[in-house]
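# Secondary and tertiary structure notes
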Amino acid sequence: MRAVLSRWVDPFVVTLLVVLVLGLVVPVGPGAQRVVDAVADVAVTVLFLVYGMRLSTREVWAGLRNWRLQGGILAATYVVFPVLGLVTAWAIEPLVGAPLAAGVLYLSLLPSTVQSSVAFTSVARGNVAGAICGATVSNVAGMVVTPLLVLWLMSGPGGAAGGADGPSGGLGGLRTVLLQLLLPFVVGQLLQPWVGDWVRARRWLTLGVDRGTILVVVFGAVAAASSAGVWSSVSGWSIVALLVVSALVLAAMLALTWWGGAALRLSTEDRIALLMCGSKKSLATGLPMASVLFPVAVAGVVAVPVIVFHQLQLVVCAVLARRLALRD
């Protein structure tokens, strides 16, 4: 019985669910929220510093030159996902209403998440260098591509993106990517010749930083949404409907990226990177950008599908990463 539980019940997934519940039910005041956000920022910075120290420069260049993997991640993020989002938003609008349907479409236009994509790729023993390159390029491109897609697909008569101001949000997000993600990774790469062997010999260190960062980021995001009253703006039925829709969209993207990787003749490690990067959307980018791209009255509701999908993708991909890590 114990062996069966250890095989099918991942303690990390259980911990992740507990953290989700805590974020929903534990009141977090403005001061405490600032502390949580600061801890999350530090954790993400340390995560990419450790990855920079762990990966050899040869692996990083190989990840950048892997055009099939990088092209697959960009195509999944900015072509396949938006098409699926358009179809899904059109189909569910009569059920959940126009604002939430617009939120589903907006979700599909976002860049891939960086920290969780890379962390889960690492846990699943995939191509970490390829995932770092792909997710980072996706985020940098998304600072321009996402606002343009929102203006193209969501503006116009009755569109939700009435007050869009892409460049402002784009520059702020680009600065975050450069300072919080790329800079510590570059510093880690500079230190790698001296500390790389030591870090690589201690997998527990990377694994602990991976999982700890995910838990802190999840708690901060859910607690912030709860404090802002996001959940009170939609009905319980709408949340259930969004969970079902998010599950279907996530399942479709996981299948398309996994089997698409096989069609591109990628190695198993590269397919894992494509799976983790191409199926995810960034909450860290999505929420601030929504406040810039949409009127205040719309931004809160539009953000709800992003929050729901983000939590679901973390739980599902945590399970997948564990299963993939057990392969021979």
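Structural data are supplied above this passage.
Residues numbered from 1 in each chain as written. Predicted model: local features only at pLDDT ≥ 70, side-chain atom pairs only at ≥ 80, totals over all residues. Heavy atoms only, no water.

For the rest of this paragraph, the subject is the overall build of the chain. Secondary structure summary: the chain contains 14 helices and zero strands in total. When the helices and strands of the chain are read in sequence order from the N terminus, they spell out α-α-α-α-α-α-α-α-α-α-α-α-α-α. Counting over 328 residues, the chain shows a buried share of 52%. Long-range pairs, those at least 24 residues apart, make up 88% of the contacts in the chain with a sequence separation of at least 6. (Helix = DSSP H or I, 4+ residues; strand = E, 2+ residues; numbered from the N terminus. Buried < 20%, exposed > 50% of the residue type's maximum accessible area, 1.4 Å probe, protein only. Contact = heavy atoms within 4.5 Å.)

Moving on, we come to helix H12 (residues 268-278). Most of H12 is tucked away, with nine of its 11 residues classed as buried. All buried positions along H12 are accounted for by Asp270, Arg271, Ile272, Ala273, Leu274, Leu275, Met276, Cys277 and Gly278.

This brings us to unusual backbone geometry. Phi angles above zero are rare outside glycine, and Arg125 is one such case at about 60°. You can see Arg125 is positioned in the loop between helix H7 (115-123) and helix H8 (128-154). Accessibility expressed as a relative area gives 35% for Arg125, which makes it partly exposed. A positive phi is found at Arg265, a non-glycine position, where the angle reads about 60°. Tracing the sequence through the fold places Arg265 in the loop between helix H11 (236-263) and H12.

So, on to the environment of Gly85. Locating Gly85 in the fold gives a position in helix H5 (residues 67-96). Judged by relative accessible area, Gly85 falls into the buried class, the value being 5%. Separated by 16 residues in the primary sequence, Gly85 and Ala101 place their C-alpha atoms 9.2 Å from one another. Setting aside chain neighbours within four positions, we find Gly85 in contact with Leu105 and Ser108.

What follows covers the environment of Arg125. When the C-alpha positions of Arg125 and Ala321 are compared, they lie 8.2 Å apart, and in sequence the two are 196 residues distant. Leaving out residues up to four positions away in the same chain, Arg125 has contacts with Arg203, Glu269, Ile272, Leu324, Ala325, Leu326, Arg327 and Asp328.

The next thing to look at is the side chain of Ser108. Positionally, Ser108 belongs in helix H6 (residues 98-108). Here Ser108 falls in the buried class, since its relative accessible area comes to 1%. Contacts of Ser108, omitting those with residues within four sequence positions, involve Thr77, Phe81, Pro82, Gly85 and Lys281.

All right, on to the nonpolar core then. Here is a general trend for soluble globular proteins: nonpolar side chains tend to be buried in one another's company. If you look at the biggest cluster of nonpolar residues, it comprises 62 residues, and the most contacted ones within it are Tyr106, Met154, Met276 and Phe294. Ranked by the residues each element gives to this core, the list is headed by helix H14 (residues 296-325), at 14 residues. Formed by 24 residues, the second largest nonpolar core is a distinct cluster that contains Leu47, Tyr51, Ile73 and Ala135. (Core = buried A, V, L, I, M, F, W, Y, C linked by side-chain atoms within 4.5 Å.)

It is worth spelling out the packing of H5 against H6 at this point. Look at H5 against H6: their axes get within 7 Å of each other, and the N-to-C directions meet at 170°. With respect to H6, the element H5 is oriented roughly antiparallel. Between H5, through Thr77, Phe81, Pro82, Gly85, Leu86, Thr88, Ala89, Ile92, Glu93 and Val96, and H6, the contact on the second element is made entirely by Ala98, Leu100, Ala101, Val104, Leu105 and Ser108. (Axes fitted to C-alpha atoms, helices over the stretch in contact; angles between N-to-C directions. Parallel < 35°, antiparallel > 145°, perpendicular 65-115°, else oblique.)

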